[in-house]
Amino acid sequence: MSDGGANGHSVSIVGRSPALRSVLERLDRLARSELPVLILGETGTGKELAARRVHSLSRRQGSAFLPVNCAALSETLILSDLFGHVRGAFTGADRDRPGVFEAARGGTVFLDEVGDLPMAAQGMLLRVLQEGEIRRLGESRPRRVDVRIVAATHRHLEKRVDEGRFRGDLLFRLKVGTVELPPLRERGRDILLLADHFLARQPGGARLSWSADAQRKLLGCPWPGNVRQLEGAVAVAVALADGRRIEARHLELPESRPVEGRGYRQQVEALRRRLVTEALDAARGNRAEAARRLGLSRQAMSYLAGRFGL
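These numbers were taken from a predicted model, which means no experiment stands behind them.

**Here we look at a nonpolar patch on the surface**
Okay, so step 1: Taken together, Leu271, Leu275, Leu294 and Leu296 make up a surface patch of nonpolar side chains, about 290 Å² in accessible area.
Okay, so step 2: By the element assignment, leucine 271 lies in helix H11 (residues 264-282).
Okay, so step 3: Look at leucine 271 and you get partly exposed, because its relative accessible area is 41%.

As structure tokens, this is what we get:
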């Protein structure tokens, strides 16, 4: 199911799990304010899609949404891209050029991977947040800008502040409204909803369906690459399918293993979720039978199934 906003115009994000719904409720409330929004989450969890949802629900929805990948450009190029430059500001600057903040003109600027923004750009971004103005490279006079900033990162910004790689005052400005997207492994049967969604988008995918074994394999994968990895796995499975059903053998997935950056408790939780998911699938959704298979009481199984959104 695609989750839309009350006005029917929000960007569609597929999922029904409690973990996702609680995040979307917070995201939608923040969207209708003018606060900057900081979206956190692992790589591949859909941070740009969430940023587009913020824009689509804001009063700025009729204006531009301009994304910038802060990790993709050199320091000079990112400064020029964001803030613009005047002729002669650096080698190759043969004419005046406005930056993204000017071009947005009342819209939203999405700063993806803001944790990788160079220190010089961080100071200039702080001025946008505090004063609503920018200076083009090579220019002394400030220019007023009217933009909303939505930023995202998979990095631990507090740690980068401690390391001297991110400004603490900028972090405080950005994290006024913070949302953390759940990793796919914590979204229960959203995995199957997303798999169906991506299947329908593949050429020839509409004629295919998932076998029970394939569904169990999807649910048991730790998905270190999250939604982006799932989309790729579905595309490969469609290409390999030799009938009208996608079988487990068509899914080229990584073995369950610890995910980098996750502590002991997080890994134990992921393993518990996978065991409960597999037991429920083997029991065809019968919680009493799944409890028997795992040696749990019915009450414990009901609690865990509800906790993991299964």
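**Examining the layout of surface pockets**
Okay, so step 1: Computed from the structure, the second largest pocket encloses a volume of approximately 560 Å³.
Okay, so step 2: Along its surface, the second largest pocket is lined by 27 residues, and Thr45, Gly46, Lys47, Leu49 and Val227 are the ones closest to its centre.
Okay, so step 3: Secondary-structure elements contributing two or more residues to the lining of the second largest pocket are strand S2 (13-14), helix H1 (18-31), helix H2 (47-56), strand S5 (108-112), helix H8 (190-201) and helix H10 (226-240).
Okay, so step 4: Residues belonging to the lining of the second largest pocket are distributed by class as follows: 13 nonpolar, 6 polar and 8 charged.

**Looking at the pattern of salt bridges**
Okay, so step 1: Scanning all chains against the criterion turns up 23 salt bridges.
Okay, so step 2: Two residues, aspartate 190 and arginine 187, come together in a salt bridge whose shortest N-O distance is 3.1 Å.
Okay, so step 3: Among the residues examined, aspartate 190 registers a relative accessible area of 2% and is labelled buried.
Okay, so step 4: The buried category is assigned to arginine 187, whose relative accessible area is 4%.

**Considering the nonpolar core**
Okay, so step 1: Core analysis: the largest hydrophobic core is formed by 29 residues, its most contacted members being Phe101 and Leu111.
Okay, so step 2: Listed by contribution, the elements that provide at least two residues to this core are helix H3 (75-83), helix H4 (100-104), S5, helix H5 (119-131), strand S8 (148-153) and helix H7 (168-174).

**Quick word on the packing of H8 against helix H9 (residues 212-220)**
Okay, so step 1: Between H8 and H9, the shortest axis-to-axis distance is 9 Å and the interhelical angle comes to 115°. When you trace H8 past H9, the crossing you get is right-handed. The residues of H9 that touch H8, namely those facing Ile191, Leu192 and Ala195, are Gln215, Leu218 and Leu219.
Okay, so step 2: Each residue belonging to the contact of H8 with H9 can be placed in one class, and the counts come to 5 nonpolar, 1 polar and no charged.

**Some thoughts on the packing of aromatic side chains**
Aromatic ring pairs are described here by two measures, namely the spacing of the ring centres and the angle between the planes.
Okay, so step 1: In the structure shown here, the tally under the stated rule is 2 aromatic pairs.
Okay, so step 2: Between phenylalanine 65 and phenylalanine 110 the ring centres are 6.1 Å apart and the planes differ by 20°, which places this aromatic pair in the stacked class. Within this pair, whereas phenylalanine 65 is found in strand S4 (residues 65-69), its partner phenylalanine 110 is found in strand S5, the two being separated by 45 residues in sequence.
Okay, so step 3: In this structure phenylalanine 65 comes out as buried when scored by relative accessible area, which is 13%.
Okay, so step 4: Taken together, a centroid distance of 5.4 Å and an interplanar angle of 40° make the contact between phenylalanine 83 and phenylalanine 101 tilted. Taken as a pair, phenylalanine 83 in helix H3 and phenylalanine 101 in helix H4 lie far apart in primary sequence, 18 residues in all.
Okay, so step 5: Owing to a relative accessible area of 1%, phenylalanine 83 belongs among the buried residues under this scheme.
Okay, so step 6: Take phenylalanine 101: its relative accessible area is 1%, and that puts it in the buried class.

**Considering unusual backbone geometry**
Okay, so step 1: Even without being a glycine, arginine 105 presents a positive backbone phi close to 45°.
Okay, so step 2: Looking at where arginine 105 falls in the secondary structure, it is placed in the loop between H4 and S5.
Okay, so step 3: In this structure, asparagine 226 is a non-glycine residue whose phi angle is positive, near 60°.

**Digging into the sheet that holds S5**
Okay, so step 1: On the basis of which strands lie adjacent, the open sheet formed by 5 strands has the order S4-S5-S8-S3-S9 and parallel pairing. Taken across any chain shown, the strands that pair with only one partner, and hence form the sheet edges, are S4 and strand S9 (177-180). Neighbouring strand axes in the sheet, compared pairwise and without regard to direction, differ in orientation by 20° on average.
Okay, so step 2: Across 5 bridges, S4 lies against S5 in parallel orientation. Looking at the pairing, valine 68 lines up with leucine 111 of S5.

**Overview of the pairing of S8**
Okay, so step 1: Counting buried residues along S8, 6 of its 6 residues qualify, which places the element largely inside the surrounding structure.
Okay, so step 2: The alternating pattern of S8 places Arg148, Val150 and Ala152 and Ile149, Ala151 and Thr153 on opposite faces, both of which are buried.
Okay, so step 3: Pairing of strand S3 (residues 37-40) with S8 involves 4 bridges; the strand directions are parallel. Directly across from leucine 40, in S8, lies its bridge partner threonine 153.

**Quick notes on H10**
Helical geometry: 3.6 residues make up each α-helical turn, so side chains three or four residues apart lie on a common side.
Okay, so step 1: Helix length check: H10 (15 residues) gives 21 Å between terminal C-alpha atoms against 21 Å at 1.5 Å per residue, within 8%.
Okay, so step 2: Buried within H10 are the following residues: Asn226, Val227, Leu230, Ala233, Val234, Ala237 and Val238. One face of H10 carries all of its buried residues, which in axial projection span an arc of 135°. Seen from the open side of H10, the exposed residues pointing more than 90 degrees away from its buried face are Arg228 and Ala239.
Okay, so step 3: Looking at the buried residues of H10, the elements they touch are H8, strand S10 (209-210), H9 and strand S11 (245-246).

Rules used throughout
Residues numbered from 1 in each chain as written. Predicted model: local features only at pLDDT ≥ 70, side-chain atom pairs only at ≥ 80, totals over all residues. Heavy atoms only, no water. Patch = residues over 30% accessible without salt bridge, like charges linked within 9 Å, V, L, I, M, F, W, Y side chains within 5 Å. Areas by Shrake-Rupley, 256 points an atom, 1.4 Å probe, with all protein chains shown as cover. Salt bridge = Lys/Arg side-chain N within 4 Å of Asp/Glu carboxyl O. Helix = DSSP H or I, 4+ residues; strand = E, 2+ residues; numbered from the N terminus. Buried < 20%, exposed > 50% of the residue type's maximum accessible area, 1.4 Å probe, protein only. 1 Å grid on protein atoms, 1.4 Å probe; cavity = no way out; pocket = protein on both sides within 12 Å on 5 of 7 lines; lining within 4 Å. Points joined across faces, edges and corners; volume = space filled by probe spheres on them. Nonpolar A, V, L, I, M, F, W, Y, C, P; charged D, E, K, R; others polar. Core = buried A, V, L, I, M, F, W, Y, C linked by side-chain atoms within 4.5 Å. Axes fitted to C-alpha atoms, helices over the stretch in contact; angles between N-to-C directions. Left-handed = near helix turned anticlockwise from the far one by under 90°. Contact = heavy atoms within 4.5 Å. Phe/Tyr/Trp six-rings, centres within 6.5 Å; stacked < 30°, edge-to-face > 60°. Pairing = 2+ DSSP bridges. Expected span 1.5 Å × (residues − 1). Arc of directions from axis to C-beta.

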